[in-house]
Amino acid sequence: MRAGAEMIPQVACRVGATLGEGPVWDAARGCLWFVDIKGHKLHRFDPADGELETIDAPEEPGWVIPLADGALLVGARAGVHRFADDAFALLHAVEPDLPGNRLNDAAVHPDGSVWLGTMDNAEEAPSGGYYRLHSGACTALSPEPMVITNGPAFSPDGGTAYLVDTLERVILSASVGADGHPGEARLFARIPDGMGYPDGPSVDSMGTVWVGLFGGWGVARFAPDGTFLGRVEFPVANVTKIAFGGPDLTTVYATTARKGLSADELAAQPHAGDLFTFAVDVPGLSPGYPTV
(Lines give C-alpha, C1' and ligand atoms only; values in the text may rest on other atoms or scores of the structure.)
Protein backbone atom coordinates (compact mmCIF):
# COMPACT_ATOMS: atom_id res chain seq x y z
CA MET A 1 0.00 0.00 0.00
CA ARG A 2 1.49 3.33 -0.99
CA ALA A 3 1.80 6.13 1.53
CA GLY A 4 -0.80 8.24 -0.24
CA ALA A 5 -3.73 6.06 0.74
CA GLU A 6 -5.86 7.53 3.50
CA MET A 7 -7.54 4.43 4.85
CA ILE A 8 -9.78 6.31 7.28
CA PRO A 9 -13.32 4.89 7.22
CA GLN A 10 -16.19 7.36 6.91
CA VAL A 11 -19.91 6.67 6.95
CA ALA A 12 -21.19 6.34 3.39
CA CYS A 13 -24.80 5.71 4.31
CA ARG A 14 -26.84 5.32 7.50
CA VAL A 15 -28.32 1.82 7.48
CA GLY A 16 -28.49 0.50 11.05
CA ALA A 17 -28.32 -3.09 9.82
CA THR A 18 -28.62 -5.85 12.37
CA LEU A 19 -26.20 -7.96 10.30
CA GLY A 20 -24.95 -6.05 7.26
CA GLU A 21 -23.07 -8.38 4.91
CA GLY A 22 -22.08 -9.33 1.37
CA PRO A 23 -21.18 -6.01 -0.32
CA VAL A 24 -20.59 -6.37 -4.07
CA TRP A 25 -19.97 -3.65 -6.67
CA ASP A 26 -22.18 -3.60 -9.76
CA ALA A 27 -20.00 -1.86 -12.34
CA ALA A 28 -22.63 -1.73 -15.08
CA ARG A 29 -25.08 0.11 -12.85
CA GLY A 30 -22.57 2.03 -10.73
CA CYS A 31 -24.02 0.88 -7.45
CA LEU A 32 -23.29 -1.32 -4.46
CA TRP A 33 -25.47 -4.23 -3.41
CA PHE A 34 -25.44 -5.70 0.10
CA VAL A 35 -27.76 -7.41 2.57
CA ASP A 36 -29.01 -7.25 6.13
CA ILE A 37 -29.27 -10.94 6.94
CA LYS A 38 -31.25 -10.70 10.16
CA GLY A 39 -33.29 -7.78 8.87
CA HIS A 40 -34.37 -9.78 5.78
CA LYS A 41 -33.32 -6.93 3.47
CA LEU A 42 -31.49 -6.45 0.18
CA HIS A 43 -29.93 -3.00 -0.16
CA ARG A 44 -28.81 -1.03 -3.21
CA PHE A 45 -26.62 2.00 -2.51
CA ASP A 46 -26.07 4.60 -5.24
CA PRO A 47 -22.96 6.66 -4.41
CA ALA A 48 -23.86 9.26 -7.04
CA ASP A 49 -26.78 10.57 -5.00
CA GLY A 50 -26.33 8.77 -1.69
CA GLU A 51 -29.70 7.05 -2.02
CA LEU A 52 -30.40 3.68 -0.43
CA GLU A 53 -33.02 1.41 -1.99
CA THR A 54 -34.31 -1.49 0.09
CA ILE A 55 -35.99 -4.72 -1.01
CA ASP A 56 -37.74 -7.02 1.46
CA ALA A 57 -36.61 -10.65 1.32
CA PRO A 58 -38.90 -13.53 2.35
CA GLU A 59 -36.14 -15.18 4.42
CA GLU A 60 -32.60 -14.46 5.64
CA PRO A 61 -30.51 -13.37 2.62
CA GLY A 62 -26.84 -14.25 3.11
CA TRP A 63 -25.62 -12.61 -0.09
CA VAL A 64 -26.67 -10.94 -3.32
CA ILE A 65 -24.88 -11.02 -6.70
CA PRO A 66 -26.02 -8.95 -9.71
CA LEU A 67 -26.58 -10.74 -13.01
CA ALA A 68 -25.81 -9.35 -16.45
CA ASP A 69 -29.50 -9.28 -17.39
CA GLY A 70 -30.41 -6.99 -14.49
CA ALA A 71 -31.75 -9.72 -12.21
CA LEU A 72 -30.16 -10.68 -8.89
CA LEU A 73 -28.87 -13.98 -7.60
CA VAL A 74 -29.69 -14.24 -3.90
CA GLY A 75 -28.50 -16.85 -1.41
CA ALA A 76 -31.07 -17.25 1.32
CA ARG A 77 -31.97 -19.83 3.93
CA ALA A 78 -33.45 -22.44 1.59
CA GLY A 79 -31.00 -22.00 -1.27
CA VAL A 80 -30.12 -19.93 -4.32
CA HIS A 81 -32.87 -17.67 -5.66
CA ARG A 82 -33.30 -15.44 -8.70
CA PHE A 83 -34.90 -12.08 -7.99
CA ALA A 84 -36.53 -10.37 -10.98
CA ASP A 85 -39.76 -8.48 -11.57
CA ASP A 86 -40.23 -8.07 -7.79
CA ALA A 87 -40.37 -11.83 -7.23
CA PHE A 88 -38.04 -14.44 -5.75
CA ALA A 89 -37.79 -17.82 -7.49
CA LEU A 90 -35.87 -20.73 -5.97
CA LEU A 91 -33.29 -22.07 -8.45
CA HIS A 92 -31.32 -24.51 -6.30
CA ALA A 93 -32.23 -25.93 -2.92
CA VAL A 94 -29.06 -26.30 -0.85
CA GLU A 95 -28.87 -28.77 2.05
CA PRO A 96 -32.61 -29.42 2.30
CA ASP A 97 -31.74 -32.19 4.77
CA LEU A 98 -30.24 -29.59 7.14
CA PRO A 99 -33.11 -27.20 7.95
CA GLY A 100 -31.03 -25.53 10.65
CA ASN A 101 -28.49 -24.34 8.09
CA ARG A 102 -28.56 -21.25 5.89
CA LEU A 103 -26.45 -19.75 3.11
CA ASN A 104 -23.96 -17.21 4.45
CA ASP A 105 -21.46 -15.82 1.89
CA ALA A 106 -20.48 -16.22 -1.76
CA ALA A 107 -18.20 -14.97 -4.53
CA VAL A 108 -17.87 -15.20 -8.30
CA HIS A 109 -14.81 -17.07 -9.58
CA PRO A 110 -13.10 -15.74 -12.74
CA ASP A 111 -14.54 -18.73 -14.65
CA GLY A 112 -18.07 -17.43 -13.96
CA SER A 113 -19.00 -20.02 -11.35
CA VAL A 114 -20.40 -18.99 -7.98
CA TRP A 115 -18.85 -20.46 -4.84
CA LEU A 116 -21.04 -20.28 -1.76
CA GLY A 117 -20.92 -21.37 1.85
CA THR A 118 -23.42 -22.56 4.43
CA MET A 119 -23.52 -22.42 8.22
CA ASP A 120 -25.49 -23.53 11.24
CA ASN A 121 -27.90 -20.66 11.88
CA ALA A 122 -27.64 -21.32 15.62
CA GLU A 123 -23.83 -21.01 15.32
CA GLU A 124 -23.27 -24.25 17.22
CA ALA A 125 -23.01 -27.36 15.00
CA PRO A 126 -20.15 -27.99 12.51
CA SER A 127 -22.63 -28.50 9.67
CA GLY A 128 -21.50 -25.78 7.24
CA GLY A 129 -19.75 -26.43 3.94
CA TYR A 130 -18.85 -24.93 0.57
CA TYR A 131 -20.52 -25.45 -2.82
CA ARG A 132 -19.89 -24.49 -6.45
CA LEU A 133 -22.74 -23.39 -8.70
CA HIS A 134 -21.84 -23.91 -12.35
CA SER A 135 -23.62 -24.99 -15.55
CA GLY A 136 -26.90 -25.44 -13.70
CA ALA A 137 -25.47 -27.76 -11.03
CA CYS A 138 -24.57 -27.11 -7.41
CA THR A 139 -21.79 -29.44 -6.20
CA ALA A 140 -20.17 -29.81 -2.76
CA LEU A 141 -16.62 -28.56 -2.28
CA SER A 142 -16.27 -28.60 1.49
CA PRO A 143 -12.71 -29.18 2.71
CA GLU A 144 -14.00 -29.95 6.21
CA PRO A 145 -17.17 -29.23 8.22
CA MET A 146 -17.36 -25.78 9.79
CA VAL A 147 -19.84 -24.06 12.09
CA ILE A 148 -19.64 -20.75 10.21
CA THR A 149 -18.14 -20.55 6.72
CA ASN A 150 -17.23 -17.20 5.21
CA GLY A 151 -15.99 -16.39 1.75
CA PRO A 152 -14.62 -17.57 -0.45
CA ALA A 153 -12.38 -15.03 -2.14
CA PHE A 154 -10.00 -15.67 -5.02
CA SER A 155 -6.48 -14.67 -6.00
CA PRO A 156 -6.25 -12.41 -9.09
CA ASP A 157 -5.59 -15.38 -11.40
CA GLY A 158 -8.31 -17.50 -9.79
CA GLY A 159 -5.78 -20.17 -8.91
CA THR A 160 -6.20 -19.87 -5.15
CA ALA A 161 -9.36 -19.84 -3.08
CA TYR A 162 -9.46 -18.36 0.43
CA LEU A 163 -11.93 -20.00 2.80
CA VAL A 164 -12.71 -18.67 6.27
CA ASP A 165 -13.53 -20.81 9.31
CA THR A 166 -14.89 -18.03 11.50
CA LEU A 167 -15.19 -19.70 14.90
CA GLU A 168 -11.77 -21.35 14.59
CA ARG A 169 -10.36 -17.89 13.70
CA VAL A 170 -8.50 -19.21 10.66
CA ILE A 171 -8.26 -18.41 6.96
CA LEU A 172 -7.52 -21.41 4.76
CA SER A 173 -6.25 -21.45 1.21
CA ALA A 174 -6.63 -24.09 -1.48
CA SER A 175 -5.39 -24.37 -5.05
CA VAL A 176 -8.15 -24.38 -7.67
CA GLY A 177 -7.73 -27.18 -10.19
CA ALA A 178 -8.46 -27.19 -13.90
CA ASP A 179 -11.85 -28.75 -13.12
CA GLY A 180 -12.77 -25.71 -11.05
CA HIS A 181 -12.61 -27.58 -7.74
CA PRO A 182 -10.26 -26.88 -4.82
CA GLY A 183 -7.45 -29.12 -3.66
CA GLU A 184 -6.57 -29.79 -0.04
CA ALA A 185 -7.07 -26.76 2.20
CA ARG A 186 -4.10 -25.48 4.19
CA LEU A 187 -3.62 -22.82 6.83
CA PHE A 188 -3.14 -19.35 5.33
CA ALA A 189 -3.45 -17.14 8.40
CA ARG A 190 -4.72 -17.23 11.97
CA ILE A 191 -6.46 -14.33 13.70
CA PRO A 192 -4.96 -13.91 17.18
CA ASP A 193 -7.01 -13.62 20.34
CA GLY A 194 -8.19 -10.08 20.91
CA MET A 195 -8.58 -9.25 17.21
CA GLY A 196 -12.10 -10.61 16.83
CA TYR A 197 -13.33 -13.26 14.41
CA PRO A 198 -12.52 -13.35 10.68
CA ASP A 199 -15.61 -12.63 8.62
CA GLY A 200 -15.92 -12.05 4.87
CA PRO A 201 -12.71 -12.01 2.76
CA SER A 202 -11.88 -9.97 -0.36
CA VAL A 203 -8.77 -9.74 -2.57
CA ASP A 204 -7.31 -6.74 -4.39
CA SER A 205 -5.45 -6.66 -7.71
CA MET A 206 -2.07 -7.16 -5.98
CA GLY A 207 -3.31 -10.32 -4.27
CA THR A 208 -3.64 -8.78 -0.81
CA VAL A 209 -6.32 -10.54 1.23
CA TRP A 210 -8.66 -8.28 3.22
CA VAL A 211 -10.81 -9.82 5.97
CA GLY A 212 -13.55 -8.18 8.03
CA LEU A 213 -13.09 -8.59 11.79
CA PHE A 214 -16.31 -9.26 13.69
CA GLY A 215 -15.70 -7.93 17.18
CA GLY A 216 -12.26 -6.75 16.06
CA TRP A 217 -12.93 -3.10 15.22
CA GLY A 218 -11.51 -3.21 11.72
CA VAL A 219 -10.33 -5.02 8.61
CA ALA A 220 -7.15 -7.12 8.57
CA ARG A 221 -4.80 -7.26 5.56
CA PHE A 222 -2.57 -10.17 4.58
CA ALA A 223 0.08 -10.55 1.87
CA PRO A 224 -0.34 -13.44 -0.61
CA ASP A 225 2.08 -15.48 1.53
CA GLY A 226 -0.06 -14.99 4.64
CA THR A 227 2.08 -12.29 6.27
CA PHE A 228 -0.01 -9.90 8.39
CA LEU A 229 0.21 -6.39 6.88
CA GLY A 230 -1.87 -4.44 9.36
CA ARG A 231 -5.40 -3.42 10.15
CA VAL A 232 -7.71 -0.62 9.04
CA GLU A 233 -9.35 0.60 12.25
CA PHE A 234 -13.07 1.39 12.45
CA PRO A 235 -15.21 3.22 15.02
CA VAL A 236 -17.51 0.18 15.27
CA ALA A 237 -16.72 -3.30 16.59
CA ASN A 238 -18.36 -5.56 14.03
CA VAL A 239 -16.93 -5.11 10.53
CA THR A 240 -18.21 -7.90 8.29
CA LYS A 241 -16.83 -7.54 4.74
CA ILE A 242 -15.46 -5.06 2.20
CA ALA A 243 -15.94 -4.58 -1.53
CA PHE A 244 -13.91 -2.52 -3.98
CA GLY A 245 -16.02 -0.16 -6.05
CA GLY A 246 -16.15 3.07 -7.95
CA PRO A 247 -15.07 3.64 -11.56
CA ASP A 248 -11.48 2.56 -10.86
CA LEU A 249 -12.20 0.10 -8.01
CA THR A 250 -10.25 2.19 -5.48
CA THR A 251 -13.24 3.07 -3.31
CA VAL A 252 -13.74 0.53 -0.55
CA TYR A 253 -17.17 -0.08 0.95
CA ALA A 254 -17.54 -1.97 4.23
CA THR A 255 -20.64 -3.46 5.83
CA THR A 256 -21.02 -3.59 9.60
CA ALA A 257 -23.40 -5.07 12.16
CA ARG A 258 -25.30 -4.27 15.35
CA LYS A 259 -25.75 -7.97 16.15
CA GLY A 260 -24.52 -9.02 19.59
CA LEU A 261 -23.97 -5.50 20.92
CA SER A 262 -25.48 -4.47 24.25
CA ALA A 263 -27.53 -1.32 24.73
CA ASP A 264 -24.50 0.42 26.23
CA GLU A 265 -22.28 -0.71 23.35
CA LEU A 266 -24.82 0.51 20.79
CA ALA A 267 -24.98 3.88 22.54
CA ALA A 268 -21.19 4.12 22.28
CA GLN A 269 -21.23 3.01 18.62
CA PRO A 270 -23.98 5.08 16.96
CA HIS A 271 -22.83 4.00 13.49
CA ALA A 272 -22.86 0.27 14.14
CA GLY A 273 -24.69 -1.37 11.24
CA ASP A 274 -23.99 1.48 8.83
CA LEU A 275 -22.15 1.33 5.49
CA PHE A 276 -18.62 2.76 5.57
CA THR A 277 -16.18 3.82 2.86
CA PHE A 278 -12.50 4.70 2.48
CA ALA A 279 -10.00 5.14 -0.36
CA VAL A 280 -7.10 2.90 -1.39
CA ASP A 281 -4.33 3.23 -3.97
CA VAL A 282 -4.31 -0.41 -5.10
CA PRO A 283 -7.57 -1.21 -6.94
CA GLY A 284 -9.67 -4.24 -6.30
CA LEU A 285 -10.70 -6.92 -8.75
CA SER A 286 -13.75 -6.61 -10.96
CA PRO A 287 -16.23 -9.19 -9.64
CA GLY A 288 -17.72 -9.80 -13.07
CA TYR A 289 -21.10 -11.39 -13.64
CA PRO A 290 -21.71 -15.10 -13.04
CA THR A 291 -22.49 -17.40 -15.93
CA VAL A 292 -24.46 -19.94 -13.91
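Calculation notes
- Residues numbered from 1 in each chain as written.
- Predicted model: local features only at pLDDT ≥ 70, side-chain atom pairs only at ≥ 80, totals over all residues.
- Heavy atoms only, no water.
- Pairing = 2+ DSSP bridges.
- Helix = DSSP H or I, 4+ residues; strand = E, 2+ residues; numbered from the N terminus.
- Axes fitted to C-alpha atoms, helices over the stretch in contact; angles between N-to-C directions.
- Polar contact = N/O pair within 3.5 Å; in protein donor to acceptor, adjacent residues only side chain to side chain.
- Contact = heavy atoms within 4.5 Å.
- Salt bridge = Lys/Arg side-chain N within 4 Å of Asp/Glu carboxyl O.
- Buried < 20%, exposed > 50% of the residue type's maximum accessible area, 1.4 Å probe, protein only.
- Core = buried A, V, L, I, M, F, W, Y, C linked by side-chain atoms within 4.5 Å.

The next point concerns the sheet that holds strand E1 (residues 10-13). Remark on secondary structure: sheet strands pair via backbone hydrogen bonds, oriented parallel or antiparallel. On the basis of which strands lie adjacent, the open sheet formed by four strands has the order E1-E24-E23-E22 and antiparallel pairing. Bordering the open sheet on either side are E1 and strand E22 (239-245), each of which pairs with just one other strand. On average, each strand axis in the sheet is tilted by 35° relative to the strand beside it, whichever way the strands run.

What follows deals with the side chain of His 109. Looking at where His 109 falls in the secondary structure, it is placed in the loop between strand E10 (101-108) and strand E11 (114-120). In terms of polar contacts, His 109 uses its side chain to reach the backbone carbonyl oxygen of Gly 158, at 2.9 Å. Apart from residues no more than four positions distant in its own chain, His 109 is found in contact with Trp 115, Phe 154, Gly 158 and Val 176.

Inspection of the entire model under this criterion finds 11 salt bridges. Put simply, Arg 82 and Asp 69 hold a salt bridge, and the shortest N to O gap is 2.7 Å. Of this pair, Arg 82 sits in strand E8 (residues 79-84) while Asp 69 sits in the loop between strand E6 (63-66) and strand E7 (72-75), placing them 13 residues apart in sequence. Using a relative accessible area of 29% as the deciding quantity, one classes Arg 82 as partly exposed. According to the relative accessible area criterion, Asp 69 is exposed, its value standing at 53%. Linked by salt bridges that have partners in common, Lys 38, Glu 60 and Arg 77 make up one network.

So, about the nonpolar core. Nonpolar side chains in soluble globular proteins tend to be buried together. Core analysis: the largest hydrophobic core is formed by 25 residues, its most contacted members being Leu 32, Trp 210 and Phe 234. No other element matches the four residues that E22 contributes to this core. Residue contacts for Leu 32: discarding those within four places in its chain leaves Pro 23, Val 24, Trp 25, His 43, Arg 44, Phe 45, Ala 243, Tyr 253 and Leu 275.

This part covers the sheet that holds E6. Taken in spatial order, the four strands line up as E6-E7-E8-E9 in an open sheet, and their pairing is antiparallel. The open sheet has two free edges, formed respectively by E6 and strand E9 (87-93), since each of these has just one partner strand. Averaged over all neighbouring strand pairs, the angle between strand axes comes to 25°, with direction disregarded. With six bridges connecting them, E8 and E9 associate as antiparallel partners. Across the sheet, the residue bridging to His 81 is Leu 90, located in E9.

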